[in-house]
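Here's the letter readout for the chains.
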Amino acid sequence: MPPRSHPKPLADLIDATIAASCKQRGLASVEIVTRWADIIGDDLARRAQPIKLAWPSRPESEEPGVLHVRVEGGYAIELQHLAPVVIERVNRYFGWRCIGRLSLKQGPVPSLARPRRRPEEPGAEECARIGARIGRFGGFEDPALAAALARLGALVARDRGRR
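(A) Region of the structure containing the overall build of the chain. Across its full length, the chain carries 7 helices and 3 strands. From first element to last, N terminus to C terminus, the chain shows the α and β order α-α-α-α-β-β-α-β-α-α. Counting all 163 residues of the chain, 29% fall into the buried class. Counted over contacts in the chain with a minimum sequence separation of 6, partners at least 24 positions apart contribute 64%. In the structure as shown, the chain presents an accessible area of about 11,800 Å², 54% of it carried by carbon and sulfur atoms.

(B) Structural context of the nonpolar core. Core analysis: the largest hydrophobic core is formed by 24 residues, its most contacted members being W36, L67 and V90. Among the secondary structure elements, those contributing two or more residues to this core are α3 (36-40), α4 (42-45), β1 (48-54), β2 (65-71), α5 (76-94) and β3 (99-106). Element by element, the count of residues in this core is highest for α5, at 7 residues. Those residues in contact with L67, other than ones at most four positions away along the chain, are I32, W36, P50, K52, L53, V90, I99, R101, L102 and S103.

(C) Representation of the packing of aromatic side chains in the model. As enumerated under the stated definition, the model contains 1 aromatic pair in all. Note on Y93 and F94: the rings are 5.1 Å apart at their centroids and 90° apart in plane angle, and the pair reads as edge-to-face.

(D) Looking closely at the side chain of N91. With respect to the element layout, N91 can be found in helix α5. What makes N91 buried here is its relative accessible area of 12%. Only 3.0 Å separates the side chain of N91 from the backbone nitrogen of C98, close enough to count as a polar contact. Discounting chain neighbours no more than four positions away, the residues touching N91 are W96, R97, C98 and I99.

(E) Structural context of the pattern of salt bridges. All told, the structure shown has 6 salt bridges when counted by the stated rule. Between R35 and D38 there is a salt bridge, and its shortest N-O distance comes to 3.0 Å. Note that E121 is salt-bridged to R151, the shortest N-O span being 2.8 Å. Taken as a pair, E121 in the loop between β3 and α6 (124-135) and R151 in helix α7 (residues 143-162) lie far apart in primary sequence, 30 residues in all. A relative accessible area of 42% means that E121 is categorised as partly exposed. Taking the relative accessible area as the measure of exposure, R151 reaches 31% and is therefore partly exposed. Through salt bridges with shared partners, one network takes in D43, R46 and R47.

(F) The pairing of β2, seen in detail. Counting buried positions over the 7 residues of β2 gives 6, a clear majority of the element. Sheet topology places β2 next to β3; 7 bridges connect them, and they run parallel. Residue pairing in the sheet places L67 in a bridge with L102 of β3. Viewed along the sheet, the connection from β2 through α5 into β3 turns out right-handed.

Calculation rules
- Residues numbered from 1 in each chain as written.
- Predicted model: local features only at pLDDT ≥ 70, side-chain atom pairs only at ≥ 80, totals over all residues.
- Heavy atoms only, no water.
- Helix = DSSP H or I, 4+ residues; strand = E, 2+ residues; numbered from the N terminus.
- Buried < 20%, exposed > 50% of the residue type's maximum accessible area, 1.4 Å probe, protein only.
- Contact = heavy atoms within 4.5 Å.
- Areas by Shrake-Rupley, 256 points an atom, 1.4 Å probe, with all protein chains shown as cover.
- Core = buried A, V, L, I, M, F, W, Y, C linked by side-chain atoms within 4.5 Å.
- Phe/Tyr/Trp six-rings, centres within 6.5 Å; stacked < 30°, edge-to-face > 60°.
- Polar contact = N/O pair within 3.5 Å; in protein donor to acceptor, adjacent residues only side chain to side chain.
- Salt bridge = Lys/Arg side-chain N within 4 Å of Asp/Glu carboxyl O.
- Pairing = 2+ DSSP bridges.
- Right-handed = clockwise from strand over helix to strand, strands pointing away.

Below you can see the structure in the form of structure tokens.
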């Protein structure tokens, strides 16, 4: 009687095919960089930055890729311990085992710039009050210019009031 085989995860069977396809298109490495904070979380992303995703040199290899990560010097040992978590999060994000290990490079990591929130627009009452104060220094021929300066003045006054 032949030995009984156990079911294998689909990802294990198609790793090589997907890896070759992504290697040709470069999709995974681009998305790892652009979606890094979403993939591994803000806390890890502040201290580590993906450099590149290197695929095995032999196309027939079933080994997953190596993710090269730049990490702050003081955080390198912690990231080394968290490597399985990072690998699992990246693989879960892509839905297959695209990376098998991390290669850490110590160096400065640029801070993640959060998109600035647009300030809340000043109300008509605020703009009218500032517009009246500005109007004392001379009238404006262009009403659009007067409205824009009143809006700017209201935003500046609001900012000064917060300080």
